[in-house]
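# Observations on the three-dimensional arrangement
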Amino acid sequence: KKIVTDEINYIAANGVPQSLINNYIKAKEASDIESNYSATSIAYTLGFPELYFGDYNRAYHQIDEYKKVTPYDIKRVASIYFAPDRISIINIKPD
């Protein structure tokens with residue numbers, strides 16, 4: 001628990017480097033391209049934004065939203081939603 005808590009506290013205090021965000025975006029873009037090789041994946045890619053946002057075209061602009069995320073955004077959100085009074089960390093042991 002201490003390692004997880006320390007990492008969360010570090011991110012809330014310091015954020016993450018822009019290079020880490022950029023690496024995630026590149027990996028997400030590659031994953032999105034690769035997933036467009038099956039009908040099921042294409043249906044999910046288009047169906048999810050249609051169901052939740054009422055516009056399947058948002059599927060084509062999702063990566064643009066990720067590119068707007070800054071290290072400051074990560075730091076701000078982590079400090080709000082991962083504050084000690086709002087988070088519970090549990091250990092689950094497999095059977």
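Residues numbered from 1 in each chain as written. Predicted model: local features only at pLDDT ≥ 70, side-chain atom pairs only at ≥ 80, totals over all residues. Heavy atoms only, no water.

Our focus in this paragraph is helix H1 (residues 2-14). The first and last C-alpha atoms of H1 sit 18 Å apart over 13 residues, in line with the 18 Å expected at 1.5 Å per residue. Residue Gly15 follows H1 closely and has a positive phi angle near 75 degrees. (Helix = DSSP H or I, 4+ residues; strand = E, 2+ residues; numbered from the N terminus. Expected span 1.5 Å × (residues − 1).)

On to the pattern of salt bridges. Between side chains of opposite charge, a pair can form when the charged atoms approach closely. Per the counting criterion, the structure on display carries 5 salt bridges. Note that Lys67 is salt-bridged to Glu29, the shortest N-O span being 3.4 Å. Here Lys67 is found in helix H4 (residues 62-67), whereas its partner Glu29 is found in helix H2 (residues 18-35), with 38 residues between them in sequence. For Lys68, the salt bridge identified is with Glu65, shortest N-O distance 3.3 Å. By relative accessible area, which is 56% here, Lys68 ends up exposed. Overall, Glu65 belongs to the partly exposed group, its relative accessible area being 45%. (Salt bridge = Lys/Arg side-chain N within 4 Å of Asp/Glu carboxyl O. Buried < 20%, exposed > 50% of the residue type's maximum accessible area, 1.4 Å probe, protein only.)

Here we come to the packing of H1 against helix H5 (residues 71-81). Between H1 and H5, the shortest axis-to-axis distance is 7 Å and the interhelical angle comes to 130 degrees. Considering their axes alone, H1 and H5 lie oblique with respect to each other. Between H1 and H5 the crossing geometry is left-handed. Here H1 contributes Ile11, Ala12, Ala13 and Asn14 to the contact with H5, which in turn contributes Ile74, Lys75, Ala78 and Ser79. (Axes fitted to C-alpha atoms, helices over the stretch in contact; angles between N-to-C directions. Parallel < 35°, antiparallel > 145°, perpendicular 65-115°, else oblique. Left-handed = near helix turned anticlockwise from the far one by under 90°. Contact = heavy atoms within 4.5 Å.)

Attention now goes to a nonpolar patch on the surface. A cluster of nonpolar side chains, contributed by Tyr44, Phe48, Leu51, Tyr52 and Phe53, occupies part of the molecular surface with about 630 Å² of accessible area. Mapping Leu51 onto the fold places it in helix H3 (residues 39-53). (Patch = residues over 30% accessible without salt bridge, like charges linked within 9 Å, V, L, I, M, F, W, Y side chains within 5 Å. Areas by Shrake-Rupley, 256 points an atom, 1.4 Å probe, with all protein chains shown as cover.)

Think of a pair of aromatic rings as described by two things: how far the centres are apart, and how the planes are tilted against each other in angle. In total, this model carries 3 aromatic pairs according to the counting rule given. Judged by centre distance (5.9 Å) and plane angle (85 degrees), the rings of Tyr24 and Tyr66 are edge-to-face. Of this pair, Tyr24 sits in helix H2 while Tyr66 is found in helix H4, placing the two residues 42 residues apart along the sequence. For Tyr24, a relative accessible area of 46% gives the class partly exposed. Using a relative accessible area of 26% as the deciding quantity, one classes Tyr66 as partly exposed. (Phe/Tyr/Trp six-rings, centres within 6.5 Å; stacked < 30°, edge-to-face > 60°.)

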